[in-house]
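Notes for the structure review
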Amino acid sequence: MSAHLVIHLAAGMILGALISSRALFRAWKQRGPYAAAVRRWMFMTYAGGLFAAIPSLLRRLGTPDMICDGWWMNIFVAYPAINTVVHGGLLIGEGLLSMLLMAQYLVMMTILWQLKQRPTVPSQSL
């Protein structure tokens, strides 16, 4: 039995978020601009999850186990290594995904709060 697809999805999403968080922290420290950093962070998060899930999806499409469990599949966020450590793990994966989504929500709300705190330029009236 191997690890559940959700574990691999969560591992990839966490890795993608960590890899792309540097630009987000830089924008945060400089108090903007945020759009490009947030867009990259969100894209890399979900792209990392999909990338890590490729071997699980291949397995479901009928690819033989000897291919999906080979050492070369470690390129997909340590797919065989995770399978040797975790058996099942749907609940763990769901918990990790929930925490990641809550962290994304908190980051977005904090950015919006930070933008709201900026001084506004008064409009000129004619």
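Described below are features of the structure shown in this document. What you see is a predicted model; the values in this text were computed from it and never measured. (Residues numbered from 1 in each chain as written. Predicted model: local features only at pLDDT ≥ 70, side-chain atom pairs only at ≥ 80, totals over all residues. Heavy atoms only, no water.)

Describing the overall build of the chain
Per the secondary structure count, the chain includes 5 helices and 0 strands. Going from the N terminus to the C terminus, the chain shows its helices and strands as α-α-α-α-α. Here the C-alpha radius of gyration of the chain, 19 Å, is well above what a compact globule of 126 residues would show, namely 14 Å. When the backbone C-alpha atoms are referred to their principal axes, the chain occupies close to 75 × 25 × 25 Å. Across the 126 residues that make up the chain, the buried fraction comes to 35%. Summarising the internal contacts of the chain: among those between residues at least 6 apart in sequence, 73% fall at separations of at least 24. Summed over its atoms, the accessible surface of the chain is roughly 8500 Å², and 72% of this surface lies on carbon and sulfur atoms. (Helix = DSSP H or I, 4+ residues; strand = E, 2+ residues; numbered from the N terminus. Rg over C-alpha atoms; globule rule 2.2 N^0.38 Å. Buried < 20%, exposed > 50% of the residue type's maximum accessible area, 1.4 Å probe, protein only. Contact = heavy atoms within 4.5 Å. Areas by Shrake-Rupley, 256 points an atom, 1.4 Å probe, with all protein chains shown as cover.)

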